[in-house]
Amino acid sequence: MPDGTIDPASLDGDALTQWYRRSPDEIEQERQDAAAQRYQDFFGTSRNTDEDPDPGLDRGLPGAAQDLDPGFSRRFATPTQDIDPGFAWVPIGPNRWRSISSSPDTTWSDPSGGSAVARATGALDRRGAGADDGGRLLLASADPVHAVANASARSSPNTLPATQPSVSTAGYRSPATPPLPTFFSSLFGGPVPLTSPEGNTIGYYDHQAAKAALGLTAEYSQIAPLFYPGGWLDSALADGAATAANVGAQSIKSRVASAPLSFPEQELWQGKSVARQIAPRLAKGEKDVLRAAARARYAQANGIWASDMGAVVHHSDGLEYAHLKPDADPNRLANLWGLLPEAHAIANKEAAAFRAALNGRIPTQAEVMAVKLKIDRMVAPYLQRAGVSRPGPRPK
Amino acid sequence: MEVRVADAVQRLVQSGSLERTRANHSALIIQHVREQLGQELPPDLADFYRECVARVGDFHAIMPVWNDRVGWRPTAVKANDLIAAQAVPIFSDGCGSLFGLDLSAGDVTPAVYFFDHEDEFRSPQWAAGSSLGTFLLLLADGDRAYREGWPPKWELAIDPDLEKCPRAPAIWNAG
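Since we're looking at a predicted model, the values are computed, not measured.

Draft legend 1. Geometry of the overall build of chain A. Along the backbone of chain A there are 11 helices and 8 strands. Buried residues in chain A amount to 38% of all 396 residues. Counting every atom, chain A has about 21500 Å² of accessible surface; 58% of that belongs to carbon and sulfur.

Draft legend 2. Focus on helix α4 (residues 132–148) of chain B. All names here are of chain B. Its 17 residues place the ends of α4 24 Å apart at the C-alpha level, agreeing with the 24 Å of an ideal helix rising 1.5 Å per residue. For α4, the principal kink sits at D141 and spans about 40 degrees. Counting buried residues in α4 gives 12 out of 17 residues, a clear majority hidden from the surface. Looking only at α4, the buried set comprises L132, G133, T134, F135, L136, L137, L138, L139, A140, D141, D143 and A145.

Draft legend 3. Quick peek at the interface of chain A and chain B. Listed per partner, the contact involves 27 residues of chain A and 32 residues of chain B. Buried surface at the junction of chain A and chain B, summed over both partners, amounts to about 2700 Å²; 51% is from carbon and sulfur atoms. Counting across the interface, chain A meets chain B through 8 salt bridges. In this structure, R295 of chain A and D143 of chain B form a salt bridge, with 2.6 Å as the shortest nitrogen-oxygen distance. Summed over the shared surface of chain A and chain B, the number is 14 residue pairs in polar contact (both at pLDDT 80 or more). Going through the elements one at a time, α9 (284–302), β7 (312–315) and α10 (341–358) of chain A are the ones with two or more residues in the side of chain A that touches chain B. Looking at the side of chain A that touches chain B element by element, the count peaks at 9 residues for α9 of chain A.

Draft legend 4. Representation of the pattern of salt bridges. As enumerated under the stated definition, the model contains 28 salt bridges over all chains in all. For R55 of chain B, the salt bridge is made with D58 of chain B, and the minimal N-O distance between the two is 3.9 Å. With a relative accessible area of 12%, R55 of chain B lands in the buried category. D58 of chain B sits in the buried class, given a relative accessible area of 7%. Each of R295 and D308 of chain A together with R55, D58 and D143 of chain B takes part in one network of salt bridges that share partners.

Draft legend 5. Geometry of the sheet that holds strand β9 (residues 126–129) of chain B. Residues and elements named next belong to chain B. Strand order in this open sheet of 4 strands is β6-β7-β8-β9, and the pairing throughout is antiparallel. The two strands at the open ends of the sheet, each matched to only one other strand, are β6 (87–92) and β9. Each strand axis lies, on average, 40 degrees off the axis of its neighbour in the sheet, ignoring direction. Bridge count between strand β8 (residues 112–115) and β9: 3 bridges; the pairing is antiparallel. Counted as the bridge partner of Y113 is A127 from β9.

Draft legend 6. A nonpolar patch on the surface, seen in detail. All names here are of chain A. On the surface, I346, M378 and Y382 cluster together to form a nonpolar patch covering roughly 230 Å² of accessible area. Here I346 is to be found in helix α10. Taking relative accessible area as the criterion, I346 reaches 31% and is therefore assigned partly exposed.

Analysis parameters
Residues numbered from 1 in each chain as written. Chains lettered and ligands numbered in written order. Predicted model: local features only at pLDDT ≥ 70, side-chain atom pairs only at ≥ 80, totals over all residues. Heavy atoms only, no water. Helix = DSSP H or I, 4+ residues; strand = E, 2+ residues; numbered from the N terminus. Buried < 20%, exposed > 50% of the residue type's maximum accessible area, 1.4 Å probe, protein only. Areas by Shrake-Rupley, 256 points an atom, 1.4 Å probe, with all protein chains shown as cover. Expected span 1.5 Å × (residues − 1). Bend = angle between axes of the 7 residues up to and from the residue. Contact = heavy atoms within 4.5 Å. Buried area = accessible area lost by both parts, 1.4 Å probe. Salt bridge = Lys/Arg side-chain N within 4 Å of Asp/Glu carboxyl O. Polar contact = N/O pair within 3.5 Å; in protein donor to acceptor, adjacent residues only side chain to side chain. Pairing = 2+ DSSP bridges. Axes fitted to C-alpha atoms, helices over the stretch in contact; angles between N-to-C directions. Patch = residues over 30% accessible without salt bridge, like charges linked within 9 Å, V, L, I, M, F, W, Y side chains within 5 Å.

Below is the structure:
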């Protein structure tokens, strides 16, 4: 896929099963690998993921110490020299600088109330300014003494050096105001200010929220059923405390290893339908009504009957297992496909194979979805769409 | 109550619910299906092929297609696709399932049954008409009945013998 992740629609069999069974850590690792690859493809350099300015796991302090372009600072003789001696930097406020001409005839008034004479030769009043950054970005440090000294003196990306008063963070500019807290970060007190050993705020980071998000997402699937009346809680009470304990204790991997493709902790809110088949299968009369409604709905949406295009209306999510998803409308438009009869025969054959493989067992929602996606891939080339020129029904 | 196929077709043509095929290759079709099934056709089925029915409402008829240049054109559904269930497909339901005429009736007027693709066409699911003629009348009114919300068992007004079909019950008793 464009973002570097694997497209599950291209997988099949064991590969698809393994893809479904990935743990959250594996998913996160895959995401980071894809991000690193994209970085390398774009910049052409390797990138230490530990210095990812947007990490998803807690790695201590952010890796903002590395230049996005490591070669930038090395192009200059010394970091303390102006790129252009005719110009100099003067402070105009906290963490704000302006370059002005250092001509003797040029004067500049500090909007903060002070005044400064711009002279590159040293007449410039630098009391309010930090060290000359040579055109590089400066730390948002209130203490100019501890501004950037040498971009090549890189400290550990995850910690601030205790002995070196300044740290090379060229390329990183902390925001003037902290970022807005995310939903998860607000649960943990909002964005965390990062400070140097001297106590200066050098930025803000949400790593705790990012780390918590992974864990909270996994946990949310267990607490979400509490909001559904008659959902997971009922079944948990019926089964006793053992059910609640099992849900929290077992990992996805260990549970799936001994069971078919299933994510019961993700399907708890429909636990009754999956586990106990509370909802009975559709009656034959109900199916007939649904199919008539499907043909009518397809015709209404497309402006033409499927039969006029030589197609039949195919339920991508079949009616056979519609009772496993009682809250899903079988005749939602996204589920109605116009297929050539020959293509529908392909879908029928694949569905029959799935049915035979079940051997009488009730499939899980995940299994139903997996076979649906597989059949969708097989018949997608034969979709009949209104307005798209394709061979119509053969004249009789 | 038995309605002759020709009478039912005539009635549907007058109501505008039935379309015929352009060409009449009924003789070739009857011979071809006889060869495919390996047995003589029921009289109702032969009459049906002679009427050159293309579609009734939104439902397309299923029959071999003859082309003078190509010969028998390949079709998605063949006449012997339901032979294992002792039936011959005559109409598509528009969603991949089939209506088939019973071949095991012997001398009795064969009924028409619904074969579900989800069941892999193994056995008839419910009775769609006690005879081919009455089935055509019911088929023409099926979508209209759903659209206008006709009362349950409206089919009995047109086909009173629908519940007497031997191989499968009427749809309201099918479960």
